[in-house]
Structures are given as structure tokens and as C-alpha cells.
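Residue strings, one per chain:
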Amino acid sequence: DHEEEEEERPKKRAKAPVVSRADMRLHDAYKWLCSPEITVGTYVPQLGDDVVYVAQGHYEYLQDAGRNWRDEAPWQTLTSMRFVEPCRVTSLRYVIADDGTFDTHCLITLKLMDESFADAGKDFFVRLHRSESPDFLVPLSRYSTAEACKWKRGDNCAALWDNTGCGDMEPWYGMIETARKHEGKWAGSPWNALSVQYFNVQNEEDRFMDHSFWELYADDVMKKEHAKVMSGASSSRAPRRAKFSAVDENTPRLSAAVQKELLGRVQRAANHQRFEAFVDVIGPNETFIRSREGVSANYCSVVPVPMGLSLIQERLRNSYYRQIDAFKSDVELVRINCEIFHGESSDYTAVATDLEDDLLNEIPERDDTELVSSAASAMKSYPAIVCEQPPQPAGTAENGRVSLCVRMRRG
């Protein structure tokens, strides 16, 4: 038996030298999808997420990216779609873009969840990549919490901004100066409908910014959390929490009991010699021999998002996963990456499949559809989108290209 196991276990990957920078893909191309903890203030998709899809935001996102909105806008076919729709992420895949950037894109299938909606239960598809545009997919918990604030002129508020461009979110504090109304086809849309005057800015160009209400947080709660972050206060016994996570206490998380059970499974697998090839997350400069072709290749130039048991362990310890489906997705990604790099019939893929079976055996299925439906029905209803060419967004130049006023990615 021992000899059979030795034959089945793939040897630890033999590294080959990188011979050309053309064979490399920068870590920046996918690192936003490899964080060990959640990033409060910016959306990173997980399988099973309950989100709110904001149509005008998607339109401006496509314009900003230079993509034809008519080819990708779901309201072109789902003609009853409203400005805002509650959805669930039912499929999440990753691809390397062929547009010369080689960035990793997320291919997301969204299922409409509002049972009162004529198209409830139907699916549509969006392609998401890292950009400086505000998020048009908003976690349902964040949207519902912010909607209950009923922001109005004169209210003090806070927003999270990425000042450095490295994903290190920091709060800006201000006051709602005005609530503006869109005209034309987007009349009634909540997208960027609030103008905020900021207090703690050095650049006068940044003093006034338009925001959507779900981007804003209660300033007193934010200041308390900001003080904790600055002091480094934390409990050594409690699970590690992401910066500013306390401002979104309604964010769904796995229970402590489930996290403990899953972490035990992953630790046992990581300590098993047969699965040692899948423990570490492969870095951007590592090159290996591909089993299928017998030639060397830079791993991260072929695989869109590297994944390993060590990263899954970190995510469990940091309460990263919002639902059980997200954990399953990461485990499945280990096997999918083997199929991409080595082929479906390789020894690596066979062992990765066994690893997947071991980790996901008798994992409970998620069943909270009624809760999501209740939250969706409690949301304010918005008008349906008129399926004609929408007006140019604010800041559009005469040549039709979007003129960006905001230079930083905001949360």
C-alpha cells in the first residue's frame, strides 16, 4: 500500500529558470483576488455572494473600460430590469484577458433574487476586472445597512478611499452637501446621487465628490474604528479582523464552529505528504514543467488566480469567507488550476481531485434563500430601465470618451 501511495503522489514541482520576462505576468494583474482578508470598502467577488447590481454603475464602468455597453448590458435582453436589482453570484470563473494587459478578469453569473420581479430566477453575466471605477456590484448587507441611514443634506458621513493605489483603504470625513437628480434615461437612479464635501483633504480638487449612498458610513462609527486601527488595538484570542470591518457588522460570515471544522480539515490535508504540492501559493516568477506538454512555463502566466491550502487556511483564520460556497470555490480552484496547467489526465489533477473530495466531503449546503428574498423585498423599488441608448455620464467629453475626475479607486 505504501508503494502504491508513493506512485500516486506527484513529486513536488521541479522548478525551471525564468528565461524571459515575456513569460512573466505581474502580481498586480491578479493580487486583488488573492488577499487573505476582506477589503472593506471595495468589492471582491465570492461564490454565493448576495449583491445588489446597479445598472448605471455598470454602464459607466463599461464606458470607462472602453467596452461596448450594448454588447454586455443585461437590460438589453432582460427588458424589465430596474436600476437596482438584488442578485446572487451563482457562478464565478477567472480568465486572463487577451487585451494586452494580461489582467485576470472575473466571469460572474448573477441570478435575480427578488421574487416580486417579473424576471425573478433568471440569470445574466458580467465581466469584472480591477479598475478605478466605483463598484456597481454592492454586497446586499452593505446596501441594506446604508439604505436604512436615509442620508440627507447636512448629515456627517465618511467614505473609504484607496489613497495609495495599493488597496490600503483610509477614511475621509465630510458632510452631505446636496442630493442631485439624474436626468434622461437614468432619472431616478441612485448612482452617485449625493454630493459630499470633505473636511480632511489637502487637494482642493478633491473637496467635493459625488457618491452613491452605499459608499457612505456613519462618521461616529468610522471614527471609533479608525482610532482602533491607528492604535493597533485587537484581541489576541479573537479571529483576526480586516481593517474597518466593524463598520459593516452585518456582513455575513461563517459561524465560529464551521470555521473551526473547516480549518481542521485544511490543516490535516496540508500536513499530509501526498498533498504537499498544493500547500503553497505559487508566486508570479515561478516556472515549472507542464505535465501535459513536457515544456516549462511560467505558472501565473497560464493560471489566472493561483490558490493553495496555505491561503485557504489564512482566509479561514481571518473570517474571509462570507458563505460556505466561497470556501468550496477556493478548494475547487486548486483542482481547476491543475487542469489548466497540467491537463485533466495528469497525476497532479488526480491528486488534486482527491484533495477536493477529502475537503468537501459532507459539507453542508447553503439554505438561506428565504432570508435573502425577505431582504430583497424590503429594498426600495426603482423604475425599469428604458432600453435605448442612455445619456452620456457626467464628465463625458464631446468625443464621447469619459473624462475621469476621480483619480483614486474609492470604496
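That block above? That's the structure.
Residues numbered from 1 in each chain as written. Predicted model: local features only at pLDDT ≥ 70, side-chain atom pairs only at ≥ 80, totals over all residues. Heavy atoms only, no water.

Engineer: I'd like a description of the pattern of salt bridges, backed by residues and values.
Structural biologist: Tallied over the full model, the rule gives 17 salt bridges. A salt bridge links Asp248 to Arg142, with the shortest nitrogen-to-oxygen separation between them at 2.9 Å. Taken as a pair, Asp248 in the loop between α5 (219-231) and α6 (256-270) and Arg142 in helix α4 (residues 140-147) lie far apart in primary sequence, 106 residues in all. Ionic pairing is found between Asp155 and Lys152, a salt bridge with its closest N-O pair at 3.4 Å. Judged by its relative accessible area of 18%, Asp155 falls in the buried class. The network of salt bridges with common partners includes Arg82, Glu85 and Asp114. (Salt bridge = Lys/Arg side-chain N within 4 Å of Asp/Glu carboxyl O. Helix = DSSP H or I, 4+ residues; strand = E, 2+ residues; numbered from the N terminus. Buried < 20%, exposed > 50% of the residue type's maximum accessible area, 1.4 Å probe, protein only.)

Engineer: Explain the pairing of strand β2 (residues 50-54) to me, and be specific about the residues and the numbers.
Structural biologist: Counting buried positions over the five residues of β2 gives five, a clear majority of the element. Judged by which residues are buried, β2 turns out to be covered on both faces: Asp50, Val52 and Val54 on one side and Val51 and Tyr53 on the other are all buried. When β2 meets strand β3 (residues 84-96), the two strands line up antiparallel, connected through five bridges. In the strand pairing of β3, Val54 is matched with Val84. Both β2 and strand β6 (residues 137-139) contribute to a ladder of three bridges, which runs antiparallel. (Pairing = 2+ DSSP bridges.)

Engineer: Give me the lowdown on the sheet that holds strand β9 (residues 194-198), citing residues and values where you can.
Structural biologist: With antiparallel pairing, five strands are arranged side by side in an open sheet as β10-β9-β8-β7-β11. Each having just a single partner strand, β10 (208-211) and β11 (217-218) make up the two edges of the open sheet. Two elements, strand β7 (residues 156-162) and β11, share two bridges in a ladder whose sense is antiparallel. Among the inter-strand pairings, Cys157 is bridged to a residue of β11, identified as Ala218.

Engineer: I'd love a proper account of the packing of aromatic side chains, names of residues and values included.
Structural biologist: For the coordinates displayed, the defined rule picks out 19 aromatic pairs. For the pair Tyr59 and Trp186, a centre-to-centre distance of 6.0 Å together with 45° between the ring planes defines the contact as tilted. Taken together, the positions of Tyr59 in helix α2 (residues 55-64) and Trp186 in the loop between β8 (169-179) and β9 put the pair 127 residues apart, joining distant regions of the chain. Neither Tyr59 nor Trp186 differs from the other in exposure class; each is buried. Through pairs of rings, three or more aromatic residues link up here, namely Tyr59, Trp69, Trp75, Phe83 and Trp186. Cation over ring: Arg290 sits above Phe341, and NZ or CZ is 5.1 Å from the ring centre. (Phe/Tyr/Trp six-rings, centres within 6.5 Å; stacked < 30°, edge-to-face > 60°. Lys NZ or Arg CZ within 6 Å of the ring centre and 35° of its normal.)

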